[in-house]
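Chain by chain, the residues run as shown.
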Amino acid sequence: MAEAKTKKERIHLKPKMHNKTVRPTRADRIFQICVDVFMVLMLIIILIPLWSTVTLSFRPNTYIGTYLQGMFLAPWDWSFDAYKALLGNNGFLMAFTNSCKILVGGVVCALLLTIPLAYVMSVKSMPGRKALTTIVLIPYIFDVGMIPAYLLVQNIGLMDHLAAVFLPGAISTYNVIIMRQFFDGIPAELKESARIDGCSEVQILLRIVMPLSKAIVMTIGLYYGVSFWNNFFNAMLYIQNSNLNPLPILLRNILMAAGMNEYVEVSAFGNAPIEAIKAASVFMSAIPMVIAYPFIQKYFTKGTLAGAVKG
Amino acid sequence: MKKKDSPELMVPKPNLRREILRHKDVYLLLLIPFVFYIVFKYVPIFNAQIAFKNFRARDGVLGSAWIGLQNFTDFFNSFYFWELLRNTLMYSFGKIIISLPVSIILSIAIYECTHYALRKTVQTLAYLPHFLSWVIMYGVLFALLSPSSGILNDIIKLFGGTPIDFLSSVHAFPWVVLLSDAWKEMGWSAIIFIAALMSIDVSLFEAAMVEGANSWQRVRYITLPAIKPVIVTVLLLKIGTILDAGFNQMYMLYSPQVYSIADIIDTWVYRQGLLNFQFGLATAVGLFKGIIGMILVLVSNKLVSRFNEGSSLF
């Protein structure tokens, strides 16, 4: 019993108060009810749009009720035609593969660039550290917009390469700042003792700093992963070859198509209703985020808190 | 702010060359990210010179002819300048006015909620939409708002109303933008407030309780004052990026019918530059936005550091 009690106390955000002599008044009880009602209301507000999309994707072709009634369609009446059609469609599979390539390539590149830059910025004894910080911060504060960046990608010949989707965003200054703040917080004594033992800076980074930085690397990796998976804009600008289209572009094409005929690539989608195809492709695009989300949630909360409190 | 006890600073007059040699592997580590940074962040700044040029693709950035401030005056004198500025500010301020109170109330409700399962579910689900792209959001909104298949219009029809095409009505569109943004980001923006709430000393609540303050009064006189610095900081940082009204969202949701109320600086730059090939004009507008944005960020950061006594973003 006692154990259960302490567990319950620990999991609440607001610590339990110790003083039990004051009994809750009417106003306190009303307050608690208002909080609960508000939370339930929030739950409904958050769930309705998500639920309506999910149920729409399971709608059978023969369904005749309104869309509102469709939200309460029993799971045993669900049809998986839309998903079968999507997974049997070459265009969709190709876009999914492209998105996966962008995700993996992007996260690897981004971490390999961000970690050394953030680490070097945190080496206090390095001559030129101040200048480096200024050089890193100027483009962050002064944003010249999309056209000059477009010209750059065009001039270095990245057009119609998947790398064009992730390379322009492979170093996010904001992520560098968060990571540097974390590295700054690692005790200097640890690094100093390794240095005395003859470690080079690269070895210190690999052997001392990296093992201590799992949470922040996961967090920043997640930020990058989300930004690359969701990146729609770069793909729209830099990818013209439709075989290289990532998922967000295909998804937009599917969503914008009013009927099946308008979109040639969905013509092989079989007999699922077009609304269901649209909703199913929305769900399929979101699914990697939804699956990865609970695993990384604990990391990002920790990571953002570190960044936020210091910020 | 230099620490006197740091071992590096104890060495009298460090020899610069020796220091550089001692750090040669650090510079080696920096080499690739640094070159990358210069290419992808500084070359665009260099390219921004076409704002002062009559850019033609075959002449390139350097070869095009200088025309001074022509592009800027063209933009300031055009009728859409005020419309773009008005729309951009309307959406930015609207998003602050709606989402800031929502995320503060949500964070307090999450903090005060005593039902573990309810709290955990709301917390987890509220963060989720932040990770969905606006393309996905458009699909979700479509299932909700579409005049033919949206559940909201089903409800309107149920009560005998006529269906509204929310995304192409100039009256409904701004609300769709503001509310969908609030829905997507409220959980994520609440995180910072939850962090602030968790650092409140609980004995303050106990003392107030003994003094006879009820829950409402404790929120009013303890919780809100305790997170006020964070609220002010968030507000100031948001004002620093006031000219970013959300390109991705707007690009996905708008259509020619609602351009008059939906066009913001970024969407206009995109259309003029990359669809109409007016690179010089579009870059000038982007540069104008960049300079104003820079001033705002610097000022707001200064204010944040003054307000929070020394801690600032940079």
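The model shown is predicted, which means the values in this text are computed figures rather than measured ones.

### So, the environment of Asp263(B)
Residue and element names in this part refer to chain B.
Argument step 1. By the secondary structure assignment, Asp-263 is in the loop between α14 (259-262) and α15 (265-275).
Argument step 2. On the accessibility criterion, Asp-263 (5% relative accessible area) is buried.
Argument step 3. The contact partners of Asp-263, leaving out residues within four places of it in the chain, are Leu-84, Asn-87, Tyr-254, Trp-268 and Arg-271.
Argument step 4. Among the polar contacts made by the side chain of Asp-263, one reaches the side chain of Thr-267 at a distance of 2.7 Å.

### Side note on helix α10 (residues 173-198) of chain B
Residues and elements named next belong to chain B.
Argument step 1. The end-to-end C-alpha distance of α10 is 37 Å, a good match for the 38 Å that 26 residues give at a rise of 1.5 Å each.
Argument step 2. Considering bend angle alone, the principal kink of α10 is centred on Glu-185 and spans about 50°.
Argument step 3. In terms of residue burial, α10 counts as a mostly covered element, since 22 of its 26 residues are buried.

### Considerations on the pattern of salt bridges
Argument step 1. Under the definition given, this model contains 12 salt bridges over all chains.
Argument step 2. Two residues, Lys124(A) and Asp184(A), come together in a salt bridge whose shortest N-O distance is 3.7 Å. With Lys124(A) in the loop between α5 (90-121) and α6 (129-141) and Asp184(A) in helix α9 (residues 173-184), the pair connects residues that are 60 residues apart, well separated along the chain.
Argument step 3. Under the relative-accessibility criterion, Lys124(A) is labelled exposed at 53%.
Argument step 4. Residues Asp266(B) and Lys289(B) are paired through a salt bridge, measuring 3.1 Å at the closest nitrogen-oxygen approach. With Asp266(B) in helix α15 and Lys289(B) in helix α16 (residues 279-307), the pair connects residues that are 23 residues apart, well separated along the chain. No difference in accessibility class separates Asp266(B) from Lys289(B), as the two residues are buried.
Argument step 5. Residues joined by salt bridges that share partners form a network here, namely Lys124(A), Arg180(A) and Asp184(A).

### Remarks on the nonpolar core
Argument step 1. Residues Phe183(A), Tyr91(B), Phe173(B) and Tyr270(B) are the most contacted members of the largest nonpolar core, which totals 193 residues.
Argument step 2. With 14 residues, the single largest contributor to this core is α10(B).
Argument step 3. Inspection of this core shows a minimum of three residues originating in each of domain 1 (24-79) and domain 2 (84-310) of chain A.
Argument step 4. Beyond its immediate sequence surroundings of up to four residues, Phe183(A) is in contact with Ile115(A), Ala118(A), Tyr119(A), Ser122(A), Lys191(A), Val209(A), Met210(A) and Ser213(A).

### Remarks on a nonpolar patch on the surface
All names here are of chain B.
Argument step 1. Taken together, the side chains of Phe-93, Ile-97, Leu-235 and Ile-239 define a hydrophobic patch exposed on the protein surface, amounting to about 340 Å² of accessible area.
Argument step 2. Counting residues per element, the ones that place at least two in the nonpolar patch are α6 (80-112) and α12 (215-240).
Argument step 3. Looking at the element boundaries, Ile-239 is found in helix α12.

### Looking at the interface of chain A and chain B
How large an interface is tends to be reported as the accessible area lost when its parts come together.
Argument step 1. Contact with chain A, which involves 107 residues of that partner, is made by 109 residues of chain B.
Argument step 2. Across the chain A to chain B interface the summed buried area is about 10100 Å²; carbon plus sulfur atoms make up 78%.
Argument step 3. Its largest share of buried area at the contact with chain B, chain A owes to Leu13(A), Phe31(A) and Met39(A), together 8% of the area lost on that side.
Argument step 4. Where chain A meets chain B, there are one salt bridge.
Argument step 5. In this structure, Asp28(A) and Arg218(B) form a salt bridge, with 3.3 Å as the shortest nitrogen-oxygen distance.
Argument step 6. At the junction of chain A and chain B, the tally comes to 15 residue pairs in polar contact (both at pLDDT 80 or more).
Argument step 7. Examining the composition of the side of chain A that touches chain B, we find that 22 residues originate from one element, helix α2 (residues 26-57) of chain A, more than from any other.

Rules used in this analysis
- Residues numbered from 1 in each chain as written.
- Chains lettered and ligands numbered in written order.
- Predicted model: local features only at pLDDT ≥ 70, side-chain atom pairs only at ≥ 80, totals over all residues.
- Heavy atoms only, no water.
- Helix = DSSP H or I, 4+ residues; strand = E, 2+ residues; numbered from the N terminus.
- Buried < 20%, exposed > 50% of the residue type's maximum accessible area, 1.4 Å probe, protein only.
- Contact = heavy atoms within 4.5 Å.
- Polar contact = N/O pair within 3.5 Å; in protein donor to acceptor, adjacent residues only side chain to side chain.
- Expected span 1.5 Å × (residues − 1).
- Bend = angle between axes of the 7 residues up to and from the residue.
- Salt bridge = Lys/Arg side-chain N within 4 Å of Asp/Glu carboxyl O.
- Core = buried A, V, L, I, M, F, W, Y, C linked by side-chain atoms within 4.5 Å.
- Domains from an automatic or database assignment.
- Patch = residues over 30% accessible without salt bridge, like charges linked within 9 Å, V, L, I, M, F, W, Y side chains within 5 Å.
- Areas by Shrake-Rupley, 256 points an atom, 1.4 Å probe, with all protein chains shown as cover.
- Buried area = accessible area lost by both parts, 1.4 Å probe.

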